[in-house]
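Residue-level structural notes
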Amino acid sequence: MANHKSALKRHRQSIKRNLRNNMVRTRIKNVVKEVRAAVEANDTELAATSLRKATAVLDKAATKKVIHARAAARRISRLSAAVNKMA
């Protein structure tokens, strides 16, 4: 465990950041799952709306550096391809 005042503060910050990042990652998993479920169910309208939501969530996570920008772009691309394949 850290002993210096600055190291203790850094530890507190890392815990906060870790919790925040985990929440964002969980949100990503849920919205991606929602899009995949809509594609499986062949629900074009639901797939399109959930794709828009997933795109926003992934872009925001990439902006905040929770996930890498190219990883977000890749996921958005694959989800878009799956939704476009339905139409």
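As a starting point, this report considers the structure included with it. (Residues numbered from 1 in each chain as written. Predicted model: local features only at pLDDT ≥ 70, side-chain atom pairs only at ≥ 80, totals over all residues. Heavy atoms only, no water.)

Considering the overall build of the protein chain
The helix and strand tally for the protein chain stands at three helices and zero strands. For 87 residues, the compact-globule estimate of 2.2 N^0.38 gives 12 Å, and the C-alpha radius of gyration of the protein chain, at 17 Å, exceeds that figure by more than 25%. Burial statistics for the protein chain: of 87 residues in total, 24% are counted as buried. Pairs at least 24 residues apart make up 54% of the contacts formed inside the protein chain by residues separated by at least 6 positions. Here the protein chain has roughly 6,700 Å² of accessible surface; of this, 53% comes from carbon and sulfur atoms. (Helix = DSSP H or I, 4+ residues; strand = E, 2+ residues; numbered from the N terminus. Rg over C-alpha atoms; globule rule 2.2 N^0.38 Å. Buried < 20%, exposed > 50% of the residue type's maximum accessible area, 1.4 Å probe, protein only. Contact = heavy atoms within 4.5 Å. Areas by Shrake-Rupley, 256 points an atom, 1.4 Å probe, with all protein chains shown as cover.)

A short note on helix H2 (residues 44-63)
Counted at 1.5 Å a residue, the expected span for H2 with its 20 residues is 28 Å, and the 28 Å between its end C-alpha atoms agrees. Ala47, Ser50, Leu51, Ala54, Val57, Leu58, Ala61 and Ala62 are the residues of H2 that are buried. Along the axis of H2, the buried residues cluster in a sector spanning 140 degrees; they form a single face. Looking at H2, the residues exposed on the side facing more than 90 degrees away from the buried face are Glu45, Arg52, Lys60 and Thr63. Among the residues trailing H2, Lys65 stands out with phi positive, at a value near 65 degrees. (Expected span 1.5 Å × (residues − 1). Arc of directions from axis to C-beta.)

Remarks on the packing of helix H1 (residues 5-40) against H2
The N-to-C vectors of H1 and H2 enclose an angle of 160 degrees; their axes lie 9 Å apart at closest approach. As judged from the angle between their axes, H1 and H2 are roughly antiparallel. Considering only the axes of H1 and H2, their crossing is left-handed. For the pair formed by H1 and H2, the contact residues are Val24, Arg27, Ile28, Val31, Glu34, Val35, Ala38 and Val39 on the first element and Leu46, Ala47, Ser50, Leu51, Lys53, Ala54, Val57, Leu58 and Ala61 on the second. In terms of residue class, the contact of H1 with H2 is made up of 13 nonpolar, one polar and three charged. (Axes fitted to C-alpha atoms, helices over the stretch in contact; angles between N-to-C directions. Parallel < 35°, antiparallel > 145°, perpendicular 65-115°, else oblique. Left-handed = near helix turned anticlockwise from the far one by under 90°. Nonpolar A, V, L, I, M, F, W, Y, C, P; charged D, E, K, R; others polar.)

With respect to unusual backbone geometry
One non-glycine residue with positive phi stands out, namely Asn42, at about 60 degrees. Relative to the assigned elements, Asn42 resides in the loop between H1 and H2.

Looking at the pattern of salt bridges
Using the criterion set out here, one finds one salt bridge in the structure. Close ionic contact of Lys53 with Glu34 constitutes a salt bridge, the shortest N to O distance being 3.5 Å. With Lys53 in helix H2 and Glu34 in helix H1, the pair connects residues that are 19 residues apart, well separated along the chain. Overall, the relative accessible area of 39% leaves Lys53 in the partly exposed class. (Salt bridge = Lys/Arg side-chain N within 4 Å of Asp/Glu carboxyl O.)

Functional significance is not addressed by these values, which are geometric in nature.
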